[in-house]
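Structure assessment
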Amino acid sequence: MDVLHNLAFGFEHALTLQNLLYCATGCVVGTLVGLLPGLGPLATITMLLPLTYAIPLSGSLIMLAGIYYGAQYGDSVSAITMKIPHASSIVACIDGYQMTLKGKTGLAIFTAGISSFIGGSVAIVVLSTLAPSLGEVALLFGPADYCALMLVGFVCVSFVTTGSLLNGLAMALVGVLLGQIGTDVNSGALRFTMGLPFLADGIGLISIALGCFGIAEIVRNLDSRSQFSPFTGKIHLIPTWPEFKRIIPSALRGSAIGSFLGLLPGGGPTIAQFGAYAIEKRFSKHKNEVGSGAIEGVAGQAAADEAAARTSFIPLMSFGIPENAVMALMLAAFILKGVQPGPNMMGQHPDLFWGLVASMWVGNCFLVVLNVPMVRYWLSVFRIPYAALFPSILFFCCVGTFSVNNSLEDIYITAVFGLTGYLFVRLDLEAAPLILGFILGPMLEENFRRALLLSRGSFATFVTRPISGTLVSLVVLFFAWQTYAFFRQGRNVRAASGQAVV
Amino acid sequence: MTNRRVLRGLFLIAIALFFGIQALAYPLGSFSRAGPGLFPLLISSILGLIGVFMLVRSRFEQADPMMFNYRNISIVLASLIGFALIAEHLKMIPAIVYLVFVATLAGSSFSLVRNLKICAVLIAIAFALRQFLGLQLPLL
């Protein structure tokens, strides 16, 4: 009953008029910006961060979380209605867009909305029961264990977001190196500043994220010259009772899978969607229809998406280690506000923690009551031609960069990372692991140095400690499997080409 | 023809060298008392190895041509840098006008009336941000 008591305490904080307002604003603005082509949750959150600067601490975190959910939902709406996928809503494109082609857009949007609500509610129960106990586990972790955990995170994120372990890992390492720029905490030495004084404090995450996800994305869209035709069809939201009955079991399955996959390192909404979709295809009552615009195909993945979006807060809150790029950004935003998430956060700021948890559910309600009925009006943002939209996005990127430190010089750094990000896009390197590497880099270094200090320079400490030993062996196993798969694939290709010659 | 796989390897090696060579100049210390140079050196060596591996692997794989469009990225970067310069030396309102007019050169269509409209809207938004959110934008 401790949980209920804590949740009630949280709702006391979340349900003040001010915080309700912040939550609603976050959801609405997040949805609106998330709808825009080329702006996934990462870019949306970074661009909207300045909105939260002037707001008191707990309100700003609540608003930020609202922006995150709003962006997720906006993403899925643009996927359903116009098949504009972001990394976070590829699965929503499959059945959602098929439903639009059948003229059932309203039903698809309603299904996505209500399933998100179910997924979110389940995930909050998981979050509020699991996070405190995991926080106690986190206290057992020593520096070596933290290193191993981050390593697992890198490997998982690299594999999940890029599908290619090496590309992703390389990007995570580039991120770690970028995180080294600035003053070394232990010795006070300036590293990699190239004699530029404004680099002494390091590079801002906002500059990197806006450069790689905002500006690079804009240029990519400009290059492809794709014009999105705005959605003009009718939206009829309210489903019939039999339709409604088909949503529930899929949404529940999706919530369970999403809650679980959201917990794992490297997990999060994207992988959860794929998992839930695969399950629907296999186990749902109408599995033959999945893929051709079935309600189940939308409900399962939407619920999983939302559930994972919330449970991915668990590693951040209990270990202080973000499991994917969006959470890395959240961590940065928390730190910017002077809060260090981790095992101590629940003890030191119980109002913040439980207020945030409660506001997640409030945000869920707002999504259903506000966003779902009003979505038809918001789709009108697509009437604005991209040629008018992208200068405005550029402007917001500038404002976002500027307002972190009130410094115009930061805009140059953003421009540099815009160029770098564009290079990444063209080289087919994914930038999400870079963000994670950048955030975890300093923590990794500190724990690495501390672990070696404690073990007097012996690397055995990473293997002999039970926790880090297990985690390291997981990584080794994963690498072995990848190498095996690589060689087997190579042999198959050679065998195939050999046959072709004969 | 430029091969994306080769370039990717070279790019990663370049980054590894850039950080690795500088890291050598910092005190390395020992493993039990790591200096500021040790960790970055370690990381950049791993990155360099990955880059070399990619380069080697690319010899056994099919070439993957890379396209690079200089025009749009240059226009966008010019608009950003100009925005910062103008905002620093003049004020932000002329910077917004500059940003809009230069950036739209990259778009598929260019229209003076529309650009003026965008400018007006953005300036209004900038004032609203300053008024209601307390952002310290140097507008006037």
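Fair warning: this is a prediction, and the values are worked out from it, not measured in the lab.

The helix and strand tally for chain B stands at five helices and zero strands. Starting at the N terminus, the α and β elements of chain B follow one another as α-α-α-α-α. Taking 14 Å as the expected radius of gyration for a compact globule of 140 residues, we find that chain B reaches 23 Å, considerably beyond that expectation. Reported as C-alpha extents along the three principal axes, the dimensions of chain B are approximately 60 × 45 × 25 Å. Out of the 140 residues in chain B, the part that is buried amounts to 32%. In chain B, the proportion of contacts linking residues at least 24 apart, taken out of those at least 6 apart, comes to 57%.

Per the secondary structure count, chain A includes 21 helices and two strands. Relative to the 2.2 N^0.38 estimate, which gives 23 Å for 502 residues, the radius of gyration of chain A is 23 Å and therefore close to what a compact globule would have. Out of the 502 residues belonging to chain A, those deemed buried represent 59%. Sequence-distant contacts, at least 24 apart, represent 79% of the contacts inside chain A between residues at least 6 apart.

So, on to the interface of chain A and chain B. Chain A puts 52 residues into the contact, and the matching count from chain B is 56 residues. Considering each element in turn, the side of chain A that touches chain B owes the most residues, ten residues, to helix α17 (residues 386–405) of chain A. When its residues are assigned to classes, the side of chain A that touches chain B shows 35 nonpolar, eight polar and nine charged.

Its 15 residues place the ends of helix α11 (residues 269–283) of chain A 21 Å apart at the C-alpha level, agreeing with the 21 Å of an ideal helix rising 1.5 Å per residue. Listed in full, the buried residues belonging to α11(A) are Pro269(A), Thr270(A), Ile271(A), Ala272(A), Gln273(A), Gly275(A), Ala276(A), Tyr277(A), Ile279(A) and Glu280(A).

With that out of the way, let us pick up the nonpolar core. Counting residues in each nonpolar core, the largest one holds 208 residues, and the members touching the most others are Cys147(A), Ala209(A), Leu329(A), Leu394(A) and Ile435(A). Residue contributions to this core peak at 15 residues, all from helix α6 (residues 105–138) of chain A. When we break this core down by domain, the ones giving at least three residues each are domain 1 (4–58) and domain 2 (70–133) of chain B. Other than its neighbours up to four places away in sequence, Ala209(A) contacts Leu42(A), Thr46(A), Leu329(A) and Ile435(A).

Moving on: the confidence of the model for chain B. All names here are of chain B. Counting all residues, the mean pLDDT for chain B is 85, and 99% of those residues have values of 70 or more. In the model of chain B, helix α5 (residues 112–133) stands out as the element of lowest mean pLDDT, 85, in contrast to helix α2 (residues 38–58), which has the highest, 90. Predicted complex metrics record ipTM = 0.91 and pTM = 0.85.

Turning to the domain arrangement of chain B, a few remarks are in order. Here the domain parsing of chain B yields domain 1 (4–58) and domain 2 (70–133). For domain 1 of chain B and domain 2 of chain B, the distance between their C-alpha centres works out to 39 Å.

Bringing the environment of His236(A) into the picture now. By secondary structure assignment, the location of His236(A) is in the loop between α9 (205–224) and α10 (241–263). Distance in space between the C-alpha atoms of His236(A) and Gly135(A) is 45 Å, their sequence separation being 101 residues.

All names here are of chain B. Two elements in contact, helix α1 (residues 4–25) and α2, have axes whose closest approach is 8 Å; the angle formed by their N-to-C orientations is 160°. Here α2 runs roughly antiparallel to α1, going by the angle between their axes. α2 is crossed by α1, and the crossing has left-handed handedness. The residue inventory of the contact of α1 with α2, partitioned by class, reads 17 nonpolar, seven polar and two charged.

This next bit is on α17(A). Residue and element names in this part refer to chain A. For α17, with 20 residues, the first-to-last C-alpha span of 30 Å sits near the 28 Å given by 1.5 Å per residue. Most of α17 is tucked away, with 16 of its 20 residues classed as buried. Phi turns positive, to about 50°, at Asn 406, one or two residues after α17.

Let's shift gears to the packing of helix α3 (residues 41–48) of chain A against α9(A). Residues and elements named next belong to chain A. In the contact formed by α3 and α9, the axes pass within 9 Å of each other and the chain directions differ by 125°. Put simply, α3 runs oblique to α9. The interaxial crossing formed by α3 with α9 has left-handed handedness. Facing α3, whose interface residues are Leu 42, Ala 43, Thr 46 and Met 47, α9 presents Ile 206, Ala 209, Leu 210, Phe 213, Gly 214 and Glu 217. When its residues are assigned to classes, the contact of α3 with α9 shows seven nonpolar, two polar and one charged.

Moving on to unusual backbone geometry. Residues and elements named next belong to chain A. Of note, the phi angle at Asn 406 is positive, near 50°, even though the residue is not glycine. Its place among the elements puts Asn 406 in the loop between α17 and α18 (409–427). The class of Asn 406 is exposed, set by 11 C-beta atoms lying within 10 Å. Not every positive phi belongs to a glycine, and Asp 428 is a case in point at roughly 65°. Locating Asp 428 in the fold gives a position in the loop between α18 and α19 (432–454). Look at Asp 428 and you get partly exposed, because 15 C-beta atoms sit within 10 Å.

To continue, consider the environment of Thr461(A). Relative to the assigned elements, Thr461(A) resides in helix α20 (residues 461–464). Look at Thr461(A) and you get buried, because 20 C-beta atoms sit within 10 Å.

All right, on to the environment of Val33(A) then. Residue and element names in this part refer to chain A. Looking at the element boundaries, Val 33 is found in helix α2 (residues 17–35). Owing to 22 C-beta atoms within 10 Å, Val 33 belongs among the buried residues under this scheme. Between the alpha carbons of Val 33 and Thr 100 there is a distance of 22 Å; along the sequence they are 67 residues apart.

Conventions used here
Residues numbered from 1 in each chain as written. Chains lettered and ligands numbered in written order. Predicted model: local features only at pLDDT ≥ 70, side-chain atom pairs only at ≥ 80, totals over all residues. Helix = DSSP H or I, 4+ residues; strand = E, 2+ residues; numbered from the N terminus. Rg over C-alpha atoms; globule rule 2.2 N^0.38 Å. Buried ≥ 20, exposed ≤ 12 C-beta atoms within 10 Å, placed from the backbone. Contact = placed C-beta atoms within 7 Å. Nonpolar A, V, L, I, M, F, W, Y, C, P; charged D, E, K, R; others polar. Expected span 1.5 Å × (residues − 1). Core = buried A, V, L, I, M, F, W, Y, C linked by C-beta atoms within 7 Å. Domains from an automatic or database assignment. pLDDT = per-residue confidence, 0-100. Axes fitted to C-alpha atoms, helices over the stretch in contact; angles between N-to-C directions. Parallel < 35°, antiparallel > 145°, perpendicular 65-115°, else oblique. Left-handed = near helix turned anticlockwise from the far one by under 90°.

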